[in-house]
Amino acid sequence: QEQLVESGGGLVQAGGSLRLSCAASGRTFSSYAMGWFRQAPGKEREFVAGITWSGGHTDYADSVKARFTISRDNAKNTVYLQMNSLKLEDTAVYYCAAHVSIAIAIMTDTKWYDYWGQGTQVTVSS
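Draft legend 1. Spotlight on the packing of aromatic side chains. Under the counting rule described, the total for this entry stands at five aromatic pairs. Ring pairing ties together the aromatic residues Phe37, Phe47, Tyr113 and Trp116, which thus form one cluster. Taking the ring centre of Trp116 as reference, the NZ or CZ of Arg45 above it sits at 4.9 Å. Above the face of the Phe29 ring, Arg72 is positioned so that its terminal group lies 4.4 Å from the ring centre.

Draft legend 2. Layout of the state of the cysteines. Throughout the structure, instances matching the rule amount to one disulfide. Here Cys22 pairs with Cys96 through a disulfide, and the sulfurs are 1.9 Å apart. Of note, the bridge from Cys22 to Cys96 carries an S-S torsion of about 45 degrees and is right-handed in sense. Remark: Cys96 occurs in strand β9 (residues 92-100) and Cys22 occurs in strand β3 (residues 18-24); sequence separation between them is 74 residues.

Draft legend 3. Structural view of the pairing of strand β4 (residues 32-39). For β4, the tally of buried residues reaches seven of eight residues, placing the bulk of the element in the interior. For β4 and β9, the ladder comprises eight bridges, and the chain directions are antiparallel. If you follow Tyr32 over to β9, its bridge partner there is Val100. Inspection of the sheet shows β4 paired to strand β5 (residues 46-51) by five bridges, in the antiparallel sense. When the bridges of β5 are listed, Arg38 appears paired with Glu46.

Draft legend 4. How the structure looks around the environment of Val124. Secondary-structure assignment places Val124 in strand β11 (residues 120-125). Overall, Val124 belongs to the buried group, its relative accessible area being 6%. Put simply, Val124 and Gly10 are 114 residues apart on the chain and 8.4 Å apart in space, counted from C-alpha to C-alpha. Ignoring any residue separated from it by four or fewer positions in sequence, one finds Val124 in contact with Val12, Gln13, Ala14, Leu86, Lys87, Leu88, Asp90 and Thr91.

Reading the values: rules and limits
- Residues numbered from 1 in each chain as written.
- Predicted model: local features only at pLDDT ≥ 70, side-chain atom pairs only at ≥ 80, totals over all residues.
- Heavy atoms only, no water.
- Phe/Tyr/Trp six-rings, centres within 6.5 Å; stacked < 30°, edge-to-face > 60°.
- Lys NZ or Arg CZ within 6 Å of the ring centre and 35° of its normal.
- Disulfide = S-S within 2.5 Å.
- Helix = DSSP H or I, 4+ residues; strand = E, 2+ residues; numbered from the N terminus.
- Buried < 20%, exposed > 50% of the residue type's maximum accessible area, 1.4 Å probe, protein only.
- Pairing = 2+ DSSP bridges.
- Contact = heavy atoms within 4.5 Å.

Structure below.
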């Protein structure tokens, strides 16, 4: 069983930046593709960014391209989401998730992910 713990959320003004971290507890982190998702009140959980097990491939939702960057450090069992130029509509609970896969395809549907963190709140104010 993998445990994922997110951190780094908070309150930030529009145009500001935050970096989210997600630490995994298991020994097989390097064999997981990782994803970041978010869920705003009254909305479905949506894909934000994903990265393959090696970090060689990434994918982003159109709404965050050129503003967010996903990265990972397999030596630290951690995946990151650098969020720049934050907008009001980025306000949501952000979740990291692990997909047991060493393929190069990045899944954007929640159904493919095997483990989830508890989420961290990101609030962007005007």
